[in-house]
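These are the residues of each chain, in order.
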Protein chains: 2
Amino acid sequence: MAGGATRAQIVAAADRLFYEQGFEHTSFTAIAEAVGLSRGNFYYHFKSKDEILAAVIGCRVEATRAMLRQWEDEAAGPAERIRRFIRIVETNGADIRDYGCPVGTLTAELAKLRHPSRPEATALFTLFRDWLRAQFTALGRARDADELALHVLAFSQGVAALANAFGDQDFVRREVERQEAWLAALDS
Amino acid sequence: MAGGATRAQIVAAADRLFYEQGFEHTSFTAIAEAVGLSRGNFYYHFKSKDEILAAVIGCRVEATRAMLRQWEDEAAGPAERIRRFIRIVETNGADIRDYGCPVGTLTAELAKLRHPSRPEATALFTLFRDWLRAQFTALGRARDADELALHVLAFSQGVAALANAFGDQDFVRREVERQEAWLAALDS
DNA sequence: CAGTGTCTAGGACGAGCGTCCTAAGATGAT
DNA sequence: ATCATCTTAGGACGCTCGTCCTAGACACTG
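What counts, and where the lines are drawn
Residues numbered from 1 in each chain as written. Chains lettered and ligands numbered in written order. Predicted model: local features only at pLDDT ≥ 70, side-chain atom pairs only at ≥ 80, totals over all residues. Heavy atoms only, no water. Near = heavy atom within 4 Å. Polar contact = N/O pair within 3.5 Å; in protein donor to acceptor, adjacent residues only side chain to side chain. Helix = DSSP H or I, 4+ residues; strand = E, 2+ residues; numbered from the N terminus. Nonpolar A, V, L, I, M, F, W, Y, C, P; charged D, E, K, R; others polar. Domains from an automatic or database assignment. Contact = heavy atoms within 4.5 Å. Buried area = accessible area lost by both parts, 1.4 Å probe. Salt bridge = Lys/Arg side-chain N within 4 Å of Asp/Glu carboxyl O. UniProt positions renumbered as here; feature names shortened; annotations may be inferred. Core = buried A, V, L, I, M, F, W, Y, C linked by side-chain atoms within 4.5 Å. Buried < 20%, exposed > 50% of the residue type's maximum accessible area, 1.4 Å probe, protein only. Phe/Tyr/Trp six-rings, centres within 6.5 Å; stacked < 30°, edge-to-face > 60°. Expected span 1.5 Å × (residues − 1).

Visitor: Please clarify how the protein's contact with DNA strand D should be interpreted in this entry.
Guide: F28 and K49 of chain A together with S38, Y44 and H45 of chain B are the nearest of the 20 residues found near DNA strand D. Within the side chain of R39 of chain B, a nitrogen or oxygen atom sits 3.4 Å from a base nitrogen of DNA strand D. The separation between a phosphate oxygen of DNA strand D and a polar side-chain atom of Y44 of chain B is 2.6 Å. At the level of elements, α2 (28–35) of chain A together with α1 (2–21) and α3 (42–45) of chain B are the ones that each hand at least two residues to the surface near DNA strand D. Across the surface near DNA strand D, the residue classes break down as five nonpolar, eleven polar and four charged.

Here it is as structure tokens:
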């Protein structure tokens, strides 16, 4: 069915534009131009802009789940998996420098807009939080696993915010090294 | 001159609204209602919305400078001054939980909007960065003072982002303790 | 070939936006 | 009291927004 493909194209274009320009600043016209469709036609696929947002968030949830699954398959142990997460601010360095963290900036914007879909955006954070907590638990830190998970999550948010503000890649690299050293020192 | 007072009232109201709702989402009408003036009259005080933003940023720069000066007066040494900064995420806990960091969220929004005033917003970060670097230098860490300053800045941004997302004050308290322990361990 | 359901283009619609103008009120000096 | 200046209210303007309607193109089925 070609409709499903068109819908997926719309979601993909909206996903990128919401990331680069923010949700509110992105208009139907901009998404339509990106996909190459007429503006009015959107109503056939989505009844409102909020519905596109919901689809985008759902798409991101799925992509995040897939990425975490892949990390579990590829990485040897929990420590290596956590390192994968820590390095993500360096792996996606260019995008983060230009547009910040996709999860963090969307969550912050929806909070200011008091948007109904805010909890769904926060759930993206929870996805990482739960996954990290599981890794720290496997690392033998069941007692403070959630606290450590939030700490690593906060690290990534802080680094992303400053990387975006100052555009400094060296800073990102240094902070990743520091955080990896912190992780290595956890064992002892 | 009453005009100066009115102008200051407008800037104060806009400052708060930009913080709570974001710059783009805040309309002239909303600011006018907050101040109790007619919408059209704004053109007498500010030629455009961007001009209000510039005034708001300038106001925040001045307030930040005053706060940093006060910390220098009140706090005993550089370590205590840095602790003041670290604790700010707890001191302003309620606002940060509801609206995030004023500097971080504004910088992120203006980056997405590609707004001309973005450098001025980033300068707010630089204000803290330079001040922290000076404190770390006074602490005898001249060699890596800037790196340490950015690290502390990243801490505050990360904590603010997650505090806003999850609304968890205990998390903030724990992270402040952790960061203070990190600072205390720097001496040795 | 007729008909049916899927998908699309194009534009109308009311609302809200930032901007800008104009006339009138307030204030103070002469 | 008169006048110039500062400050205000109210609304018009053109534009873009999200929303929604309608007519037709297209592909597939009987």
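Visitor: Is there a simple way to think about the domain arrangement of chain A in this case?
Guide: In many reports, interface size means the accessible area that the parts give up when they come together. All names here are of chain A. For chain A, the assigned domains are domain 1 (1–47) and domain 2 (49–187). The distance between the C-alpha centroids of domain 1 and domain 2 comes to 26 Å. In this assembly, 18 residues from domain 1 lie in contact with 19 residues from domain 2. Across the domain 1/domain 2 interface, buried area totals approximately 1700 Å², and carbon plus sulfur atoms make up 66% of it. Taken together, the links from domain 1 to domain 2 amount to three salt bridges.

Visitor: What is the right way to read the UniProt feature "domain: HTH tetR-type" (unreviewed entry) in chain A from this model?
Guide: Under the UniProt annotation, the feature "domain: HTH tetR-type" (unreviewed entry) is placed at residues 4–64 of chain A. Between the first and last C-alpha atoms of residues 4–64 of chain A the distance is 21 Å; the span itself is 75% helix and 0% strand.

Visitor: Before we go on, may I ask you to explain the nonpolar core in this structure?
Guide: In summary, soluble globular proteins display a tendency toward joint burial of nonpolar side chains. Counting residues in each nonpolar core, the largest one holds 120 residues, and the members touching the most others are I31 and F136 of chain A together with I31, I52 and F136 of chain B. Once you skip the residues sitting within four places of it in the chain, I31 of chain B turns out to touch I10, A13, A14, L17, F18, T26, F42 and I52 of chain B.

Visitor: Got a minute to help me understand the packing of aromatic side chains in this structure?
Guide: Between two aromatic rings, the relevant description is the distance of the centres plus the angle of the planes. Residues and elements named next belong to chain B. A full pass over the atoms with the stated rule returns 14 aromatic pairs over all chains. With centroids separated by 5.5 Å and ring planes inclined at 55°, the aromatic side chains of F85 and F128 adopt a geometry described as tilted. Taken together, the positions of F85 in helix α5 (residues 78–91) and F128 in helix α8 (residues 118–138) put the pair 43 residues apart, joining distant regions of the chain. Overall, F85 belongs to the buried group, its relative accessible area being 3%.

Visitor: What's the story with the UniProt feature "DNA-binding region" (unreviewed entry) in chain A in this structure? I'm lost.
Guide: According to UniProt, the feature "DNA-binding region" (unreviewed entry) maps to residues 27–46 of chain A in the numbering used here. For residues 27–46 of chain A, helix accounts for 60% and strand for 0%, while the C-alpha atoms at its two ends are 14 Å apart.

Visitor: Could you clarify how one ought to interpret the pattern of salt bridges in this entry?
Guide: Should their charged atoms come close, side chains of opposite charge can pair. Taken as a whole and judged by the stated rule, the model has 36 salt bridges over all chains. The partner of R173 of chain A in a salt bridge is D170 of chain A, and the shortest N-O contact between them spans 3.4 Å. Here D170 of chain A and R173 of chain A lie together in helix α10 (residues 169–187), a separation of three residues that amounts to about one turn. Where R178 of chain A meets E147 of chain B, a salt bridge forms, and the shortest distance between an N and an O atom there is 3.3 Å.

Visitor: Where do I start with the protein's contact with DNA strand C in this structure?
Guide: The immediate surroundings of DNA strand C are formed by 20 residues, with S38, Y44 and H45 of chain A together with F28 and K49 of chain B found nearest. The sugar-phosphate share of atoms of DNA strand C within 4 Å of the protein amounts to 60%. At 3.0 Å, a backbone N or O of S38 of chain A approaches a phosphate oxygen of DNA strand C. At 3.4 Å from a base nitrogen of DNA strand C is found a side-chain nitrogen or oxygen belonging to R39 of chain A. When residues of the surface near DNA strand C are traced back to their parent elements, those giving at least two are α1 (2–21) and α3 (42–45) of chain A together with α2 (28–35) of chain B. Grouping the amino acids of the surface near DNA strand C by side-chain chemistry returns five nonpolar, eleven polar and four charged.

Visitor: Quick question: what am I supposed to make of α8 of chain B here?
Guide: One turn of the α-helix equals 3.6 residues, which is why residues spaced by three or four share an orientation. Taking 1.5 Å per residue, 21 residues should reach 30 Å; α8 of chain B reaches 31 Å between its end C-alpha atoms and fits that length. Turning to α8 of chain B, the residues buried within the fold contact α9 (145–166) of chain A together with α4 (49–74), α5, α7 (102–113), α9 (145–166) and α10 (169–187) of chain B. Following α8 of chain B by one or two positions, G140 of chain B adopts a phi angle in the positive range, close to 90°.

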